[in-house]
Amino acid sequence: MSNRIHLPRNLATAGLPHYSGAITSSRAMWTILTLLALPAFWGVLIFGLPALIILSIGLAAGVLSEVLAIALIFPLSEFRTELRKNLSDGSTLLISALSALSLPAYAHPALPALVAGFAVLVVKWSFGGLGKYWAHPVAAGWLFAHLSWPQGFYRQPWGDSLLGSLLSGADAVSGATHLTGAKLMLLQNGSPRVLRPLQLIAAPSGPVDEYLVRLLNERVFIPLGTILPDGYLDYLLGFRAGAIGEISVVLILLVSIFLFARRIISWQIPVAGALGMGILSFLFSGTHWGAQAATGDALFALMSGGFLFALFFLATDPVTTPYTGRGKFAFGLGFGVLAFVFREFSVLPDGSAPALLAMNMLTPLVIILSRRRPFGMPRRASGIGGGRE
C-alpha cells in the first residue's frame, strides 16, 4: 500500500504563526500590541518619565535593528519591499515593546537597546525572520542582558511618580522588587521562621491597599474566620516595584481575557503554567520560610516577578510553542514547573526566561509526543514519498 500523500495544487505554504478564521498573524500581532498600551500606560503613570524613556528606546532600538538586519540580508533592490513587509506585520514592534515592558523603569538607558537589539538581530533574523526562530526573542534577549550586564537592571531612581500619593511606601517603585528582596534575605540570613515573603521583607503597603484590606477583612474575611494579609492588593492593582509591564495583575488578566475571546491565544498554556507554579509553590516554597510542606504562598509566587507577564504574553507565542492542544498543556505545565525550579534554586530572582527557553528547546519533542496519528494511516511508514508498512 502506497503512503504517498496527494495535496491539492491550490494550497499555499506559509511559515508560522498560523491562525484560523478571520485572524491573520499580522492582525493578531497588532491587536496584542494595541492592548499592551494599557500596561505600558499604567507603568508610565506609576514610574513617570523613566518608564517612558525605556519604552521609547526599546521601540526605536528594535526598529533600527530590523532595518540593519534587512540591509545585511537582502540585496539593495529588495530592501524597501522587505522592510515594508516586515514592519507592517507588527512583529518587530511587538518584540520591541515586550522587550521594553520586561525591564525596570530605572534600568540603564542602554539596556532596552541591548535586549531589543539582541532579540531582533540575533534571535529573530539569525534563523530567517518571523516564523523561523526556535526561541522566543524577548526571553532570549532578557536572559542575555541579565547574564551579561546584571548591574544595568538596578540603578539609582530618579524622577517623580505621577501617582506618588498612592504608592506603597517610598521604596515601592524605586528599589529592588519584593521577590528579589526576599531571595536576598534568604541567601544572607538563611530560613527565618516567617511564613509569608511579604512579612519577611516587611514590605510596606500603600493607602489603597490598607483601606481595601481593612474593609474586606471587616466585611468578608473576619466573619469567615480568616484575614486577608496586607500587600496583596498592591500586587493585584499595580502599586508595587517591578518591570514596567508586569506590575498590574489586573491589567494583565484583562488583556489576556480579550485575547482569549478573540482566540489569539489559547487557554492550555496559561492554565497549565499557573497550575504548575501554584501547586509546587504551595507544596514546597514554604519550607524556605521555615514552615512545613504544603504551607507555601502560591498567591505571592504567581503575582510576583514576571511570571504572569511571561505566561500570557511570551509563553503563548505560536511560533515557539506546540500547536496541538495536548502539546500546549504539556508545554505550559513544563514552563510552570521549570519557572518554579529556576526561581527557587538559581541565582536569578525570577526563573521565567530560562524556563521558557528550556521549553522552547523541547517544543519539537512535545509536538512529536502529543501529535495524533491520522486515521487510516499505517502504524509505520518509511516516508512521505512511498513505502510499505
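Here the residue numbering is sequential within each chain, running from 1 through the sequence in written order. Thresholds applied to this predicted model are a pLDDT of at least 70 for local features of residues and 80 or more for the giving and counting of side-chain atom pairs; totals over whole chains, interfaces and linings are not thresholded and use all residues. Side-chain measures were taken over the full set of non-hydrogen atoms in the model, leaving aside hydrogen atoms and water.

**Details of the overall build of the protein**
- Across its full length, the protein holds 17 helices and 0 strands.
- Here the protein, with 389 residues, has 49% of them falling under the buried criterion.
- Of the contacts made within the protein by residues no fewer than 6 positions apart, 75% connect residues no fewer than 24 positions apart.
- In short, Shrake-Rupley with a 1.4 Å probe defines the accessible areas, and a residue's cover is counted only from the protein chains shown. Accessible area of the protein: about 19,200 Å², with a carbon and sulfur share of 66%. Where helices and strands are cited, they refer to DSSP runs of H or I of at least four residues and of E of at least two residues respectively, numbered from the N terminus. Relative accessibility under 20% of the residue-type maximum defines a buried residue, over 50% an exposed one, and the middle range a partly exposed one, all with a 1.4 Å probe and only protein chains included. Contacts were defined at the residue level, with two residues in contact if any of their heavy atoms lie within 4.5 Å.

**What to know about the nonpolar core**
- Throughout this description, the term nonpolar core refers to a set of buried Ala, Val, Leu, Ile, Met, Phe, Trp, Tyr and Cys residues connected via side-chain atoms within 4.5 Å. Formed by 82 residues in total, the largest nonpolar core has its most connected members in Leu98, Leu259, Phe313 and Phe335.
- The contact partners of leucine 259, leaving out residues within four places of it in the chain, are Thr31, Ile32, Leu35, Ile264, Ile265 and Phe313.

**Describing the packing of helix H3 (residues 49-73) against helix H6 (residues 110-124)**
- Between H3 and H6, the shortest axis-to-axis distance is 8 Å and the interhelical angle comes to 30°. It follows from the interaxial angle that H3 and H6 lie roughly parallel. In the packing of H3 onto H6, the handedness of the crossing is right-handed. Where H3 abuts H6, its residues Ile54, Ile57, Gly58, Ala61, Gly62, Ser65, Glu66, Leu68 and Ala69 lie against Pro112, Ala113, Ala116, Gly117, Val120, Leu121 and Lys124.
- For this classification, Asp, Glu, Lys and Arg are treated as charged, while Ala, Val, Leu, Ile, Met, Phe, Trp, Tyr, Cys and Pro are nonpolar and the rest, including Gly, are polar. When the residues that make up the contact of H3 with H6 are grouped by side-chain class, the tally is 10 nonpolar, 4 polar and 2 charged. For helices, the fitted line uses only the C-alpha atoms of the stretch in contact; every axis is such a line through C-alpha atoms, and the angle between N-to-C directions lies from 0 to 180 degrees. An angle below 35 degrees is read as roughly parallel, one above 145 as roughly antiparallel, one from 65 to 115 as roughly perpendicular, and any other as oblique. Helix crossings are classified by the rotation of the near helix relative to the far one: an anticlockwise turn of less than a right angle makes the crossing left-handed, while a clockwise turn makes it right-handed.

**Overview of a nonpolar patch on the surface**
- Only residues above 30% relative accessible area that lack a salt bridge enter a patch, with like-charged residues linked at up to 9 Å and the nonpolar side chains Val, Leu, Ile, Met, Phe, Trp and Tyr linked at up to 5 Å. Should a side-chain nitrogen of Lys or Arg be within 4 Å of a carboxyl oxygen of Asp or Glu, the pair is scored as a salt bridge. On the surface, a nonpolar cluster with roughly 1,000 Å² of combined accessible area is contributed by Trp267, Val271, Leu275, Ile279, Phe282, Leu283, Phe284, Phe329, Leu333, Val337, Val341 and Phe345.
- Of all elements in the fold, only helix H13 (268-284) and helix H16 (325-345) reach the threshold of two or more residues within the nonpolar patch.
- Considering every element that reaches the nonpolar patch, the biggest residue donor is H13, with 6 residues.
- Mapped onto the elements, valine 337 comes out in helix H16.
- Using a relative accessible area of 31% as the deciding quantity, one classes valine 337 as partly exposed.

**Description of the pattern of salt bridges**
- Summed over the entire model, instances satisfying the criterion amount to 3 salt bridges.
- One salt bridge connects aspartate 350 with arginine 343, and the closest N-O pair in it is separated by 2.9 Å. Here the two residues aspartate 350 and arginine 343 agree in accessibility, since each one is buried.

**Examining the confidence of the model for the protein**
- Taken over all residues, the pLDDT of the protein has a mean of 81, while the share at 70 or more is 76%.
- pLDDT is a per-residue confidence score from the predictor, ranging from 0 to 100. Across the protein, the element-wise mean pLDDT spans from 53 in helix H9 (residues 197-200) up to 96 in helix H5 (residues 91-101).
- Confidence drops under pLDDT 50 across residues 189-195; counting only partners more than four residues distant or on other chains, this segment forms 18 contacts.
- Residue range residues 382-389 is modelled with pLDDT below 50. Its contacts to residues more than four positions away, or to other chains, number 18 contacts.

**Notes on the packing of aromatic side chains**
- Any two of the Phe, Tyr and Trp rings considered here, Trp counted by its six-membered ring, make a pair once their centres fall within 6.5 Å; the pair's planes then place it as stacked at under 30 degrees, edge-to-face at over 60, or tilted in between. The tally for this structure, following the rule as stated, stands at 10 aromatic pairs.
- Between tryptophan 42 and phenylalanine 239, the aromatic rings sit 5.5 Å apart at their centres with planes inclined by 70°, giving edge-to-face as the arrangement. Of this pair, tryptophan 42 sits in helix H2 (residues 37-47) while phenylalanine 239 is found in the loop between helix H11 (232-237) and helix H12 (249-261), placing the two residues 197 residues apart along the sequence.
- Residue class for phenylalanine 239 comes out buried when judged on its relative accessible area of 6%.
- Between phenylalanine 47 and tyrosine 106, the ring centres sit 6.2 Å apart and the planes meet at 90°, which makes this aromatic pair edge-to-face. You can see phenylalanine 47 sitting in helix H2 and its partner tyrosine 106 sitting in the loop between H5 and H6, a full 59 residues away along the chain.

**Observations concerning H16**
- In a regular helix each residue adds 1.5 Å, so 21 residues correspond to 30 Å; H16 covers 30 Å between its end C-alpha atoms and thus fits that length.
- Of the positions making up H16, those classed as buried are Gly327, Phe331, Gly332, Gly334, Phe335, Gly336, Ala339, Phe340, Arg343 and Glu344. Here the expected length of a helix is defined as 1.5 Å per residue gap, with one fewer gap than residues.

**A look at unusual backbone geometry**
- For arginine 263, which is not glycine, the phi torsion reads 60° and is therefore positive.
- With respect to the element layout, arginine 263 can be found in the loop between H12 and H13.
- Looking at arginine 263, the relative accessible area reads 74%, which means it is exposed.

**Details of helix H10 (residues 207-221)**
- With 15 residues, H10 extends 19 Å from end C-alpha to end C-alpha; this agrees with the ideal 21 Å at 1.5 Å per step.
- For H10, the full list of buried residues reads Asp209, Val213 and Asn217. Angularly, the buried residues of H10 cover 55° about the axis, an arc narrow enough to put them on a single face. Every exposed residue of H10 that faces more than 90 degrees away from the buried side is listed here: Glu218 and Arg219.
- On the buried face of H10, the contacting elements are H11. Arc definition: directions from the helix axis to the C-beta atoms.

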